[in-house]
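Structural overview
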Amino acid sequence: MRTVDGRVAGRRGQETRQKLLDCLSEMLSSSPYRDVKVIDVARRAGTSPATFYQYFPDVEGAVLELAETMAAESGSLAGLVEGRSWSGRAGWQTAQELVDGFLDFWRHNDAILRVVDLGAAEGDKRFSKIRVKVLSAVESSLAESVIELQAKGRIDKDVNPGAVAGSLVAMLAAVASHQKGFSSRGVKQADIKPNLALLVHLGVTGRKPTK
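The sections below set out a description of the structure shown in this document. Keep in mind that this is a model prediction, so the values were computed, not measured.

1. Here we look at the pattern of salt bridges
Under the definition given, this model contains twelve salt bridges. Notably, a salt bridge pairs Arg17 with Glu65, separated by 3.1 Å at the nearest N-O pair. Remark: Glu65 occurs in helix H4 (residues 59–73) and Arg17 occurs in helix H1 (residues 11–28); sequence separation between them is 48 residues. With a relative accessible area of 33%, Glu65 lands in the partly exposed category. One salt bridge connects Arg43 with Asp40, and the closest N-O pair in it is separated by 3.4 Å. With Arg43 and Asp40 both in helix H2 (residues 38–45) and three residues apart, the pair spans about one turn of that helix. Here the salt bridges share partners, and the residues they tie into one network are Asp100, Asp104, Arg107 and Lys193.

Structure (structure tokens):
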């Protein structure tokens with residue numbers, strides 16, 4: 001782990017750096033991204049702006065560090081689909097666990113994902129790349145599932161696996177990023193998961209699930 005000027009950070013330096021990232025993450029949960037200032041992050045971490053600049057060029061640089069870490073952890077989402085069955089009751093369980101895991105991951109990383117979405121929407125290629133990385137693991141695994149079902153003759157050959165997988169992941173991401181908004185429209189959180197799982201199952205298999 002190196003500082004901005006290239007020096008190797010010692011144990012205490014690494015701890016300070018991580019504390020700054022942790023404090024920044026907490027602040028993003030309660031404040032708009034562009035309202036977060038270096039001096040506020042440093043004060044919350046019990047250090048100085050000068051110390052912050054030893055490890056990060058600016059707030060955006062620190063946010064990108066958080067986003068990269070989150071993107072690396074998103075690889076675990078692929079395990080919700082890889083090697084899983086889409087047949088019978090097992091297929092319904094796969095759909096449910098995919099939805100559960102995806103929504104939980106999004107909820108846990110909600111603050112940084114909102115910043116990533118904002119940056120990507122504004123055309124920042126760094127944030128766009130991170131967003132693609134987060135979604136691609138699940139997208140690739142779902143596409144493989146569709147291909148396997150086609151090989152078994154359970155899905156028409158004219159179905160495009162990539163298009164189906166991309167559409168389903170886009171739906172999951174859209175719902176995940178607006179979980180809090182459903183309650184304002186009278187939709188209970190408990191009703192979101194099973195209905196979303198139904199749509200995922202229909203999208204992958206073309207059939208209603210066996211429950």
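Now that the structure has been shown, the text picks up again.
2. Comments concerning the packing of helix H7 (residues 125–151) against helix H8 (residues 161–177)
Following both chains from N to C, one finds H7 and H8 inclined at 135 degrees, their axes separated by 8 Å at the closest point. The angle between H7 and H8 places the two elements in the oblique class. In the packing of H7 onto H8, the handedness of the crossing is right-handed. For the pair H7 and H8, contact is made by Arg131, Leu135, Val138, Glu139, Leu142, Ala143, Val146, Ile147 and Gln150 and by Pro161, Gly162, Val164, Ala165, Gly166, Leu168, Val169 and Ala173, respectively. Grouping the amino acids of the contact of H7 with H8 by side-chain chemistry returns twelve nonpolar, three polar and two charged.

3. Observations regarding the packing of aromatic side chains
For the structure shown, the criterion picks out three aromatic pairs. Plain terms: the ring middles of Phe52 and Phe56 are 5.3 Å apart, the flat faces sit at 50 degrees to each other, and that makes the pair tilted. Relative accessible area serves as the criterion here: at 1%, Phe52 is assigned to the buried category. Aromatic pair Phe102 and Trp106: ring centres 5.3 Å apart, planes at 15 degrees, arrangement stacked. Within this pair, Phe102 and its partner Trp106 are both found in helix H5 (residues 88–108), separated by four residues, close to a single helical turn. Trp106 gets classed as buried once you look at its relative accessible area, which sits at 2%.

4. Let's talk about H5
With 21 residues, H5 extends 31 Å between its outermost C-alpha atoms, agreeing within 8% with the 30 Å of an ideal straight helix rising 1.5 Å per residue. Restricting attention to buried positions, one finds in H5 the residues Gly91, Trp92, Thr94, Ala95, Leu98, Val99, Phe102, Leu103, Phe105 and Trp106.

5. Focus on helix H6 (residues 110–121)
Compared with the 16 Å implied by 1.5 Å per residue over twelve residues, the 16 Å span of H6 between its first and last C-alpha is a close match. Listing the buried residues of H6 in full gives Asp110, Ala111, Ile112, Leu113, Val115, Val116, Gly119 and Ala120. Remark: Gly123 follows H6 within two positions and exhibits a positive phi of approximately 90 degrees.

6. Looking at the nonpolar core
Core analysis: the largest hydrophobic core is formed by 63 residues, its most contacted members being Leu24, Leu28, Val63, Phe102 and Leu142. The element best represented in this core is H7, accounting for nine residues. With residues near it in sequence (within four places) discarded, Leu28 still touches Tyr33, Val36, Val63, Leu66, Ala111, Ile112, Arg114 and Val115.

Calculation rules
By convention here, each chain's residues receive numbers from 1 onward along its written sequence. For this predicted model, a pLDDT threshold of at least 70 governs which residues receive local features, and a threshold of 80 or more governs which side-chain atom pairs are given and counted, while totals over whole chains, interfaces and linings are taken from all residues. Excluded from the side-chain calculations are hydrogens and water; all other atoms, namely the structure's heavy atoms, are used. Salt bridges are defined by distance alone: a side-chain nitrogen of Lys or Arg within 4 Å of a carboxyl oxygen of Asp or Glu. Where helices and strands are cited, they refer to DSSP runs of H or I of at least four residues and of E of at least two residues respectively, numbered from the N terminus. Per-residue accessibility, obtained with a 1.4 Å probe over protein chains only, is compared with the maximum for each type, and a residue is labelled buried under 20%, exposed over 50%, and partly exposed between these values. In this analysis, axes come from line fits to C-alpha atoms, helices being fitted only over the stretch in contact, and the angle between any two N-to-C directions falls in the range 0 to 180 degrees. Should an angle fall under 35 degrees it is called roughly parallel, over 145 degrees roughly antiparallel, and 65 to 115 degrees roughly perpendicular, with every other angle called oblique. Handedness of a crossing follows from how the near helix is turned relative to the far one, being left-handed for an anticlockwise turn of less than a right angle and right-handed for a clockwise one. Pairs of residues are marked as contacts when any of their non-hydrogen atoms sit within 4.5 Å. Residue classes follow a fixed rule: Ala, Val, Leu, Ile, Met, Phe, Trp, Tyr, Cys and Pro count as nonpolar, while Asp, Glu, Lys and Arg count as charged, and any other residue, Gly among them, counts as polar. When two rings of Phe, Tyr or Trp (its six-membered ring) have centres within 6.5 Å they constitute a pair, described as stacked for plane angles under 30 degrees, edge-to-face for angles over 60, and tilted for the intermediate range. One fewer than the residue count of a helix, multiplied by 1.5 Å, yields its expected span. As used here, the term nonpolar core means buried Ala, Val, Leu, Ile, Met, Phe, Trp, Tyr and Cys residues forming a set that is joined through side-chain atoms within 4.5 Å.

Take it as geometry only, folks, not as evidence of what the structure does.
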